[in-house]
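Here is how the chains run, residue by residue.
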Amino acid sequence: MANAATMAENPYHVRSISLPTRSHPLASTIEEELQKLRSSEAFTETTGVPSAAAISSGLCGLGEVYDSVAALLLLPQTQQALAQNRNEKWVEELLDGSVKLVDMCDASRNVLLHMKEDAKELHSALRRRKGDQESMECKIAHYLSSRKKLKKQINKHLATLKKMEGNTACPPLSDQDPHLQMAARFLQEVKSITASIFLSILSFISSSPKSGKWNLISKLMRKGVVVTKGEQNTNEVESVDLALSSLQSHVAEIESVKQAQKQMEALEVRLDSLEGGIERVLRRLIQNRVSLLNILTQ
């Protein structure tokens, strides 16, 4: 588990919320799952954007949290408490937040699918190695250009997600029953930690190697020097950018093409994993939204 200093520096950190005493036994389960998620690599990465593997693991943990939240919303005391407060502002905000999470999850999925399609198209062209050098250079330039456009789209989503992530304030329920306090606080924290996961996904997709490292590694790769992942200290998205930067003016070099193919294969595997995780979380978010609507409209 990360120490206090590490967590303070971590841009994806989500604050823990103290729970009222004598709460429902399900509270302990949810708190344990949240604590496990908070201390995972998806939230304790200090060297930059969390890896795809860490984010995939985080999505899996988030799915478990939402399974427990679904159980929480099925409890009669939860449904009664929320129904009795349906006209309160914080309940309206809770419902509005559930819509925004579904929208942000869907937006993250669309961005990922866009990148995945571009990567597969270029990878296929590299495998076939058809067309002249100028044609291949154009395909590489198109992929890199598409990445830049995607970053602009991502930046718009990041602003929304950062606002959702930072909103960990709970409604003033000191005069309400402990079960309602517990449910409201959990739902608020789950919203914040979900936004953090989506932030990690979009930051991973839009990441790029720093200019100094880009230039150095590109030169080494062009000289035929094998650069290991550890030496690069880059994720799969950045590794592809580096390989393509090296290949852009050397599409006739078989070794450079093979290196780019290898990096793109690794990227596609990670994107497939992230896609599966996002799909599972999206289903749970929709279920959570439907459950809240049913409770508040019955």
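Residues numbered from 1 in each chain as written. Predicted model: local features only at pLDDT ≥ 70, side-chain atom pairs only at ≥ 80, totals over all residues. Heavy atoms only, no water.

> Can you walk me through the overall build of the chain in this structure?
Of the regular secondary structure elements, the chain holds twelve helices and zero strands. Its helices and strands in sequence order give the chain the pattern α-α-α-α-α-α-α-α-α-α-α-α, from N to C terminus. With 298 residues in all, the chain has 51% of them scored as buried. By sequence separation, contacts in the chain at least 24 residues apart represent 83% of the contacts at least 6 residues apart. Of the roughly 14600 Å² that the chain leaves accessible, carbon and sulfur atoms contribute 50%. (Helix = DSSP H or I, 4+ residues; strand = E, 2+ residues; numbered from the N terminus. Buried < 20%, exposed > 50% of the residue type's maximum accessible area, 1.4 Å probe, protein only. Contact = heavy atoms within 4.5 Å. Areas by Shrake-Rupley, 256 points an atom, 1.4 Å probe, with all protein chains shown as cover.)

> I'm lost on the confidence of the model for the chain in this one. Help?
Low pLDDT means the predicted atomic positions in that stretch should not be read closely. Mean pLDDT over the chain works out to 80, with 78% of the residues at or above the 70 mark. Taking the mean pLDDT of every element in the chain, the minimum, 37, falls on helix H1 (residues 4–9) and the maximum, 93, on helix H4 (residues 52–74). Low pLDDT (under 50) marks residues 1–22, which in the prediction has 51 contacts with non-local residues, meaning those over four places away or in another chain. (pLDDT = per-residue confidence, 0-100.)

> Please clarify how helix H11 (residues 236–247) should be interpreted in this entry.
The α-helix winds at 3.6 residues per turn, so residues separated by three or four positions along the chain end up facing the same way. With twelve residues, H11 extends 16 Å between its outermost C-alpha atoms, agreeing within 8% with the 16 Å of an ideal straight helix rising 1.5 Å per residue. H11 sits mainly inside the fold: twelve of its twelve residues count as buried. Among all positions of H11, only Glu236, Val237, Glu238, Ser239, Val240, Asp241, Leu242, Ala243, Leu244, Ser245, Ser246 and Leu247 are buried. Where H11 starts, the residue carrying a side-chain oxygen 3.0 Å from the main-chain nitrogen of Val237 turns out to be Asn235. (Expected span 1.5 Å × (residues − 1). Polar contact = N/O pair within 3.5 Å; in protein donor to acceptor, adjacent residues only side chain to side chain.)

> Sorry if this is basic, but what is going on with the pattern of salt bridges here?
Two side chains of opposite charge can pair, provided their charged atoms sit close to one another. Per the counting criterion, the structure on display carries ten salt bridges. Among the salt bridges present, the one from Arg38 reaches Glu31, with a minimum N-O distance of 3.3 Å. Residue class for Glu31 comes out buried when judged on its relative accessible area of 18%. (Salt bridge = Lys/Arg side-chain N within 4 Å of Asp/Glu carboxyl O.)

> I keep staring at empty space enclosed by the protein and nothing clicks. Help me out?
By rolling a water-sized probe across the atoms, one finds the places where empty space is left. In this structure the tally under the stated criterion is two cavities of 30 Å³ or more. Every residue lining the largest cavity is listed: Tyr66, Val69, Leu94, Ser98, Leu101, Leu187, Val190, Lys191, Asn288 and Leu292. Within the residue set of the lining of the largest cavity, elements represented by two or more residues are H4, helix H6 (89–128), helix H8 (178–206) and helix H12 (254–297). Across the lining of the largest cavity, the residue classes tally to seven nonpolar, two polar and one charged. One number sums up the size of the second largest cavity: a volume of about 30 Å³. In terms of lining residues, the second largest cavity is bounded by Tyr66, Val69, Ala70, Leu73, Arg284, Gln287 and Asn288. Of all the secondary structure elements, the ones that give two or more residues to the lining of the second largest cavity are H4 and H12. Classifying every residue of the lining of the second largest cavity gives four nonpolar, two polar and one charged. (1 Å grid on protein atoms, 1.4 Å probe; cavity = no way out; pocket = protein on both sides within 12 Å on 5 of 7 lines; lining within 4 Å. Points joined across faces, edges and corners; volume = space filled by probe spheres on them. Nonpolar A, V, L, I, M, F, W, Y, C, P; charged D, E, K, R; others polar.)

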